[in-house]
Amino acid sequence: MKDRIKPKYNAAQNVGWMVKIAWKVRKRVLFICVAMAALEVLYNLTQLYVAPEILSCVERHAPVGELLGTIGFFTLALFLTMGLKEYLREISMYPRVDVRSSIVGMIARKCNMTSFPNTLDVKFIKLKEKAHHSVQGNTEAAENIWKTLTVLLQNVGGFLVYLAILSRLNWMLLVVIAATCVVGFLVSRYSSNWIFRHRDAEETFYAKKSYIRKKAESVELAKDIRIFGLQNWLNELLDRIHNVYLDFRLRCEKIKLLADVTEALLTMARNGIAYAYLLHLALRDSLSVPEFILYFTAVSTFTTWVMGILQAAEKLHEESLDLSQVREFLEYPEPFRFEGGTAIPKADAYELKLEHVSFRYPGTEEDTIHDLDLTVRPGEKLAIVGLNGAGKTTLVKLLCGLFDPTEGRVLLNGVDVRDFNRREYYGLFSAVFQEYALLSTTVAENVAQADEKIDEARVWDCLEKAGLSQAIRALPQGIHTHVGREVHLDGVLFSGGQTQRLMLARALYKNGPILMLDEPTAALDPIAEDDIYRKYSAMTQGKTSVFISHRLASTRFCDRILFLDHGQIAEEGTHEALLAKNGGYAALFEVQSRYYQEGREF
């Protein structure tokens, strides 16, 4: 339950954190909060005294000039305070958005720059979702807290001022007013807390509805929906979830109705007692007509201040819980070194070495890589093959520094990679992974991974080596053509093979001394794949390269082949040497090659 969570930071600490950000980003947010609260109290005081003062003038048979002056004074005061309130309300939104946007940027930087293992950590992922939720709109905690603080300040200020005004009355009346307010607040709090505790359930319903709707409308699934007749199934799923969601909303409304009815009864009782007491004083001639109107209005407004303090404090507590999770996400521990560290050695080529390396994914019972020793020599072309789940991709991620081993060490030219600044270490690698990030920018920007100072001649050269230059030249704007249609409606949609070539061109453009290729030709046809292999020597000239493939015939051009089995090196050697061993590699090659041999029975 959300309200049972023990937050890392309390409300005061979170308010202090927000104040520091606002002071750095937009100081006027703070001044606007205080000014709006002060003006609200002043406006209420003006309304409170306007009728009693005018009636007092009438009772005293004051001159017409004094009466008109009193009316004019209060009219001007109301006009000025209301005008200033509206002006501040109008200008308050954009500074608040700026502060929230600053926090959005902090969250985005954390997401983009956090250690890779964090991106797979369930706790990190959940905190990220909570953090994004807290900054996604004007009504969420990262922005709405300024409204809450303004309301809290104005209610505290109004409470103190009106307490001083009502101090002449019987203190028991104030106790009754405060007590009924507290009881009403507790009932209202039960209602709001129930809804707040079940907010995750409501968000789950909404997420399911949104997911089904997006999938039903997606371009990617349009063919499957029509070929497999998924329309009715998707509609039934949507109706089912919608009905469950409506049942949930009905429960919410019933609880809110109960709270509203209770509050109405308490308000009637509270006002009845207060008004009866004031009438009693008036009938005993203890109060004049202007005083009766003054206290009559003040009692009602005093109740509003008390309820306002309680409700604003509760709202601040809820928003503090959200902000605490934002801060926990931003402060999530980093297992990698991103500052300082040993300088990356300057060299023409680099040696990578694994010493007794084991790696186990969190939550699993077995090692994916177990006690593996490996040396990738400078300038070597190394191929890694094996069945699915053998640990090939995990091995590459260990070499790249995306994971640290559970046991053992990964060394670069004899230095443990954990001693380096990890971002500087990443700079050594050009890589094509199975999962790739294609951005909705131009072809040139996707290749260069930049939006300025792009070497267009180099872009074309990399596209040529990747075998994509001819297709790009055929586009209306060449390398300046937009990719994808998520942002630009005129964007081009590449095939799987073309996208893979584009990712290869991106890796070549970076020109790191170590090239990592994880199934870089999986989406290519045999002719296109053969073209890449023929260019492989030129691509890797002077570089250390590691190549993963399921197609064993593609490994012939490599200096050495590792055959992985259950996270260990089962066999090692050249293509011919491994075939001569007649082991696991040869058996797998035989299975693959029989499909290309005529006259073979399957």
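Residues numbered from 1 in each chain as written. Predicted model: local features only at pLDDT ≥ 70, side-chain atom pairs only at ≥ 80, totals over all residues. Heavy atoms only, no water.

### Examining unusual backbone geometry
- Of note in the backbone geometry, H356 takes a positive phi value of approximately 50° without being a glycine.
- Within the fold, H356 resides in strand β1 (residues 352-359).
- Of note, the phi angle at D371 is positive, near 45°, even though the residue is not glycine.
- For D371, a relative accessible area of 40% corresponds to the partly exposed category. (Helix = DSSP H or I, 4+ residues; strand = E, 2+ residues; numbered from the N terminus. Buried < 20%, exposed > 50% of the residue type's maximum accessible area, 1.4 Å probe, protein only.)

### What to know about the sheet that holds strand β8 (residues 544-548)
- Judged by pairing direction, the sheet is mixed, and its 6 strands sit side by side in the order β6-β7-β8-β3-β9-β10 without closing on themselves. Each having just a single partner strand, β6 (429-432) and β10 (568-573) make up the two edges of the open sheet. Neighbour to neighbour, the strand axes of the sheet diverge by 20° on average, direction disregarded.
- Of the pairings in the sheet, the one linking strand β9 (residues 560-565) to β10 comprises 5 bridges and is antiparallel in character. (Pairing = 2+ DSSP bridges. Axes fitted to C-alpha atoms, helices over the stretch in contact; angles between N-to-C directions.)

### Describing the sheet that holds strand β2 (residues 369-376)
- A sheet is described by the order of its strands in space; here 4 strands give the open sequence β2-β1-β4-β5, paired in antiparallel fashion. The sheet is open, and its two borders are formed by β2 and β5 (415-416), each paired with just one other strand.
- Packing of helix α11 (residues 392-400) onto the sheet brings it into contact with β1, β2 and β4 (407-412), and relative to β1 it is tilted by some 125°. (Contact = heavy atoms within 4.5 Å.)

### Some points on the pattern of salt bridges
- Taken as a whole and judged by the stated rule, the model has 17 salt bridges.
- In this structure, the salt-bridge partner of R249 is E253, at a minimum N-O distance of 3.3 Å. Taken together, the positions of R249 and E253, both in helix α9 (residues 231-283) and 4 residues apart, correspond to about one turn of that helix.
- K465 is the salt-bridge partner of D461, the closest N and O atoms lying 3.6 Å from each other. Of this pair, D461 and K465 both sit in helix α14 (residues 456-465), 4 residues apart, which is roughly one turn of that helix. (Salt bridge = Lys/Arg side-chain N within 4 Å of Asp/Glu carboxyl O.)

### Description of the environment of L76
- Its location among the elements puts L76 in helix α3 (residues 64-113).
- A residue is classified by how much of its surface remains accessible, and L76, at 48% relative accessible area, is partly exposed.
- Between the C-alpha atom of L76 and that of Y277, which follows or precedes it by 201 residues, the distance is 34 Å.

### Overview of the nonpolar core
- Judged by nonpolar contacts, the single largest core of 39 residues is most densely connected at V443, V447, L463, I472, F494, L502 and L504.
- Among the elements of the structure, β3 (381-386), α13 (443-448), α14, α16 (496-510), β7 (514-518), α17 (526-539), β9 and α19 (584-593) are those that each provide at least two residues to this core.
- Looking at this core, the element that brings in the most residues is α16, giving 7 residues.
- Not counting residues within four places of it along the chain, the set of residues in contact with V447 comprises V459, L463, L502, A505, R506 and Y509.
- Residues F403, L412, F429 and V546 belong to the second largest nonpolar core, which totals 34 residues. (Core = buried A, V, L, I, M, F, W, Y, C linked by side-chain atoms within 4.5 Å.)

### Here we look at the pairing of β8
- Burial within β8 is extensive, with 5 of its 5 residues counted as buried.
- Residues T544, V546 and I548 point to one face of β8 and S545 and F547 to the other, with burial holding for every one of them.
- Two strands pair when backbone bridges link them, and β3 and β8 are joined in this way by 4 bridges, in the parallel orientation. Bridge assignment links L382 to a residue of β8, and that residue is V546.

### Concerning the packing of aromatic side chains
- Taken as a whole, this structure holds 13 aromatic pairs when the rule is applied.
- Ring geometry for F73 and F74: centres 5.4 Å apart, planes at 80°, overall edge-to-face.
- Here the aromatic rings of F563 and Y585 are separated by 6.4 Å at their centres, their planes lie at 85°, and the arrangement is edge-to-face. With F563 in strand β9 and Y585 in helix α19, this residue pair connects regions lying 22 residues apart in the sequence. Comparing F563 with Y585 shows no difference in burial state: the two are buried.
- Put simply, the rings of F116, F359, Y361 and F403 pair up and form one aromatic cluster.
- When the ring centre of Y9 is taken as reference, the NZ or CZ atom of R327 above it lies at 3.6 Å.
- Directly above the aromatic system of F336 lies the positively charged group of R422, at a separation of 3.8 Å from the ring centroid. (Phe/Tyr/Trp six-rings, centres within 6.5 Å; stacked < 30°, edge-to-face > 60°. Lys NZ or Arg CZ within 6 Å of the ring centre and 35° of its normal.)

### Regarding a nonpolar patch on the surface
- Together, L257, V261, L265 and M268 make up an exposed nonpolar region whose accessible area comes to about 430 Å².
- Within the secondary structure, V261 sits in helix α9. (Patch = residues over 30% accessible without salt bridge, like charges linked within 9 Å, V, L, I, M, F, W, Y side chains within 5 Å. Areas by Shrake-Rupley, 256 points an atom, 1.4 Å probe, with all protein chains shown as cover.)

### Remarks on α14
- When we look at burial in α14, the residues that qualify are V459, C462 and L463. Here the buried residues of α14 occupy an arc of 100° about the axis, which is enough to place them on one side.
- Contacts made by the buried residues of α14 are with α13, α15 (469-473) and α16.
- Between the side-chain oxygen of the N-cap and the backbone nitrogen of A457 there are 3.3 Å, and the N-cap of α14 in question is D455.
- With its phi angle positive at about 75°, G467 sits one or two positions after the end of α14. (Arc of directions from axis to C-beta. Polar contact = N/O pair within 3.5 Å; in protein donor to acceptor, adjacent residues only side chain to side chain.)

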